[in-house]
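Single-letter residue listing:
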Amino acid sequence: MVGARAPATRFRAMPSPTITSVFNDAYIAEVYESYRRDPASVDASWRQYFQTAEALAGLVAGAQGAPAADVGEGPADPALLRKAAGAAAFVQGIREYGHLAVQLDPLGTTPIGARELTPEYYGITEADLEEVPAAALGFDERFRTAGDVVRLLRRRYSATLGIEYSHLAADAEREWFRAMLRAEALTAPLSQEERTAVLRRLTEVDGLERFLGFAYQGKKRFSIEGTDALVPMLDEAVVRAAGLGARQVVIGMAHRGRLNVLTHVMGKPYESLFNEFEGRHPEVAENETGDVKYHMGYRGTRTVGGREVELLLVPNPSHLEFVGCVIDGVARAEQRVAGRPWERDEAAVLPIAVHGDAAFMGEGVVAETLNMYRLAGFRVGGTLHLIVNNQVGFTTDPTDSRSTHYASDLAKGFDIPVVHVNGDDAEACLVAVRIAIAYRAHFGKDFLIDLVGYRRHGHNETDEPAFTQPRLYDRIRKHPTPRLAWGDRLVAEGVLTADDVRRVDDETRARFQAAYDRVKQAGAQEEPSVEGAPAAHAAPRRTAVPAERLVALQQAMLTYPEGFQPHPKLVRILARRADALGEDPAKPGA
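Along each chain, residue indices are assigned from 1 in the same order as the chain's sequence is written. Two thresholds apply to this predicted model, a pLDDT of at least 70 for residue-level local features and 80 or more for giving and counting side-chain atom pairs, whereas whole-chain, interface and lining totals are computed over all residues. To get the side-chain values, all heavy atoms of the structure are used, and hydrogens and water are removed first.

Let us look at the packing of aromatic side chains. Pairing of aromatic rings covers Phe, Tyr and Trp, the last counted by its six-membered ring, and requires centre-to-centre distances within 6.5 Å; plane angles under 30 degrees mean stacked, over 60 mean edge-to-face, and any other angle means tilted. Scanning all chains against the criterion turns up 22 aromatic pairs. Cluster of aromatic residues (ring-pair linked, three or more members): Y157, Y165, W176, F177, Y439, F443 and F447. We call a charge positioned over a ring when the NZ of a Lys or the CZ of an Arg lies within 6 Å of the ring centre and within 35 degrees of the ring normal. Across the ring face of F139, the terminal group of R182 is positioned such that the distance to the ring centre comes to 5.6 Å. Lying across the ring of F214, R509 places its NZ or CZ 5.6 Å from the centre.

Put into structure tokens, the structure is as follows:
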């Protein structure tokens, strides 16, 4: 659990033997002499080992300017072989355990780390890494030594992203991750314009929550505060998916942060939201019951690269995780190709499931839905899962609610890659989304992002969280919001000035105030009609089918091709159905 306070138990992988326990210099030299006399006299594993050693010796000799003829003339240097083997094992250790060293908790909980992330665990030192050519580890000419390789991998696996992919069964998927992280195309830093845009978005997200808290004190809103990055992450998912051909994005989530998603992702006007807080709602159709504002769904559109993308936020009446299988069903239906309903275009519709950290592990419907994601009758080409991890479930600490280290560990059992991100690091959050959408496009599988943040208030704004988590909430009260954390970073990096950050905040608040004033001035007016709002409910339509049509369909189903023989046990059932043709065809059982 990221951010757990003094966990009682830490679950760790069983340590593998250190590299020094494998090597015996005298024995290696003896076997090598046998290999030189007759390669067939040693085991195949030793032959492969010495072939690699000779290649390594050639790399070192070439780097030192030795003639090619000298390469392989003497026994391989056991010390160099030990360093190369240790470096190779160290590289793999960073890939597998690097996520345990990432600072994921915005509140500062120290990562548990792992001994496998130190060269000493493999019997080598940092200095030894500089003696091993990078090519001996399979890296290209961009890297000179194993030290260069390790420095890159530490930036990729142990700095901002906690990446877990070693559990994936397919070699191709694991190699995709390794190549992607080496190439850095998806992990490139944001441009100055992109960083400024993220600040504006975080200011809108944070500003809306602050304005609602001021204007409607005591009203429940289940704020997003502490995991504000969810909104720019959803923005990025829409843009990236649209760039790969998506025409629709279907989102399912519970109540936390829903009001912010409704306004800033779906496009619901601020006036509409303020009207609901005022108790003014659009007329509810007779066949609907209505619901509270943080359960409501919405349809919207967004233009991306000149193409219109439909957005659907599915209603969720307080059932938390049940909505996950609903959005997969909606997405599968929407993926049907027009005119050819038996075909589906999985790239055309992206389902996004937003989970709570406690609910993801605690509700069985999550595992049931994940279990079906690769079955032919249920697959949708990959769902993007986002855990809004506020490190507390209602009033329960993670150490009292789950037996795993991460809230996301369930997903690993279903062969799903996982990326953990710090909610205060907006750049890492967007990079995680880029990786997720690219992976889905390439492999057609689910992907999970664990967004680690916190919950600034109680379960709702009327609760006092310090009653049950006093120490945690003392830290939260002292911690800057994600907007302030990102703004401070841009100021420190020289992208903006402190005055620029304040100006963005002032402009954003002015927009909220103007919308609020319009609502107050309008009084009890009908909700404004706006583009992107849900269409008005159509009048009830007659759905009855003429009896003659039912009879004809029934007759067609009971007519078999020449030479076809129904199963013997079905003959009597089918005969009874044939007899019903003379009765009311709409009668149950007919």
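Residue-level confidence of the predictor is what pLDDT reports, using numbers from 0 through 100. Model confidence for the protein is summarised by a mean pLDDT of 85, while 84% of its residues fall at 70 or above. Low pLDDT (under 50) marks residues 3-22, which in the prediction has 32 contacts with non-local residues, meaning those over four places away or in another chain. The contact criterion used throughout is that any non-hydrogen atoms of two residues lie within 4.5 Å. Per-residue pLDDT stays below 50 along residues 527-536; that stretch engages in 11 contacts with residues further than four places along the chain or on separate chains.

Burial along strand β1 (residues 161-164) is two-sided: the face carrying L161 and I163 and the face carrying G162 and E164 are both buried. DSSP bridges decide pairing: two strands pair if at least two such bridges lie between them. Secondary structure elements are taken from DSSP: a helix is a run of H or I of four residues or more, a strand is a run of E of two residues or more, and numbering for both begins at the N terminus. For β1 and strand β9 (residues 418-422), the ladder comprises 4 bridges, and the chain directions are antiparallel. Residue pairing in the sheet places E164 in a bridge with V418 of β9. Only protein chains enter the accessibility calculation, which uses a 1.4 Å probe. A residue is then buried if its area is under 20% of the maximum for its type, exposed if over 50%, and partly exposed in between.

Tracing the chain through its elements places H355 in strand β7 (residues 349-356). Definition of a polar contact: a pair of N or O atoms within 3.5 Å, with one able to donate and the other able to accept a hydrogen when the atoms are protein atoms, and with sequence-neighbouring residues admitted only if both atoms are side-chain atoms. At 2.8 Å, the side chain of H355 and the side chain of H385 are in polar contact. Beyond its immediate chain neighbours, meaning those up to four positions away, H355 contacts E321, F360, H385, L386, I387 and V388.

Now for unusual backbone geometry. Phi is positive for Q391, which is not a glycine, with a value near 65 degrees. Looking at the element boundaries, Q391 is found in the loop between β8 (384-389) and α14 (409-412). Phi is positive for D415, which is not a glycine, with a value near 65 degrees. Position of D415 relative to the elements: it lies in the loop between α14 and β9. On the basis of relative accessible area, D415 is assigned to the buried category, the value being 13%.

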